[in-house]
Amino acid sequence: MHADMRLLYELQQLDARIEKRRGELKALDSGEKMRRQLDESRQRLERVKQQHQQLTITARDQELRLKSQEEKMRRLEADLYSGRIRNPKELEALQHEIDFLKQARDEMDMELLRLWEQIETTEVGIKELEEELNELDSLYHKHVEQYLEFKGALEAELAVQEKLREDLVARIQPTAVERYERLCERLGGVAVALVENKTCKVCHTTLTDYTYKRLENESGLITCESCGRLLFDPLLR
Ligand SMILES: [Zn+2]
């Protein structure tokens, strides 16, 4: 068996650990989805606040109109009861006008009530959205804090493992490392197969006597006849 098979097998185990950590790092949730929710919530709040502002302006406007309408009505009523107008037709016309104004005022009153109700509803909405936003914001910050902590720990661990790999690779013949890496690429990251009872433990094929003899006696890299992986029998020297 090749003198570096034990080290190549170690390298494969280390590579598997590195791959696992890289996968975990990649799978970490940076909180992007939460941040989008937060943005949406903020935009919703902004829209309701604008709506509230618009309704308030409209209500104030309506109040002013209502006031001037009432003043006009009072002036006409004063006229009506002043005794200055005696012509019954004219009096009747005046009464009509007052009635008309009263009806318009009642309608404006109703409209104002509706506006106030809407203002109240938007105020409740603003309060709810602000609470939701605060909650989301605090959750998001907690999440990001945790994410950075996990990320930092994984990166530190990866750095240690990568240094270990560098040291390990330095101890193996470069041609053997090259062969290992090429096979890794081709065979899904598993270039070395353990041999147990003369059987390849990856593809479960029993080695021929010829191959096993070579593994026992030769110092080159011997591969499984079936899956092409480098064979490593821990019981051999
Ligand atoms: Zn095999």
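Before any of the text, the structure's been laid out above.
Predicted, not measured: the structure shown is a model, and the values here were computed from it.

A. Seen up close, the packing of helix H2 (residues 32-81) against helix H3 (residues 88-170). For the pair H2 and H3, the least separation of the axes is 7 Å and the interaxial angle reads 160 degrees. What the angle tells us is that H2 and H3 run roughly antiparallel. Between H2 and H3 the crossing geometry is left-handed. Looking at the contact of H2 with H3 residue by residue, the classes come out as 26 nonpolar, 13 polar and 19 charged.

B. The environment of Gln 161, seen in detail. Relative to the elements of secondary structure, Gln 161 occurs in helix H3. The partly exposed category is assigned to Gln 161, around which 17 C-beta atoms lie within 10 Å. Residues Gln 161 and Tyr 210, 49 residues apart in the sequence, show an inter-C-alpha distance of 38 Å. The residues contacting Gln 161, other than those within four sequence positions of it, are Leu 14, Arg 17, Ile 18 and Arg 21.

About the cut-offs
- Residues numbered from 1 in each chain as written.
- Predicted model: local features only at pLDDT ≥ 70, side-chain atom pairs only at ≥ 80, totals over all residues.
- Axes fitted to C-alpha atoms, helices over the stretch in contact; angles between N-to-C directions.
- Helix = DSSP H or I, 4+ residues; strand = E, 2+ residues; numbered from the N terminus.
- Parallel < 35°, antiparallel > 145°, perpendicular 65-115°, else oblique.
- Left-handed = near helix turned anticlockwise from the far one by under 90°.
- Nonpolar A, V, L, I, M, F, W, Y, C, P; charged D, E, K, R; others polar.
- Buried ≥ 20, exposed ≤ 12 C-beta atoms within 10 Å, placed from the backbone.
- Contact = placed C-beta atoms within 7 Å.

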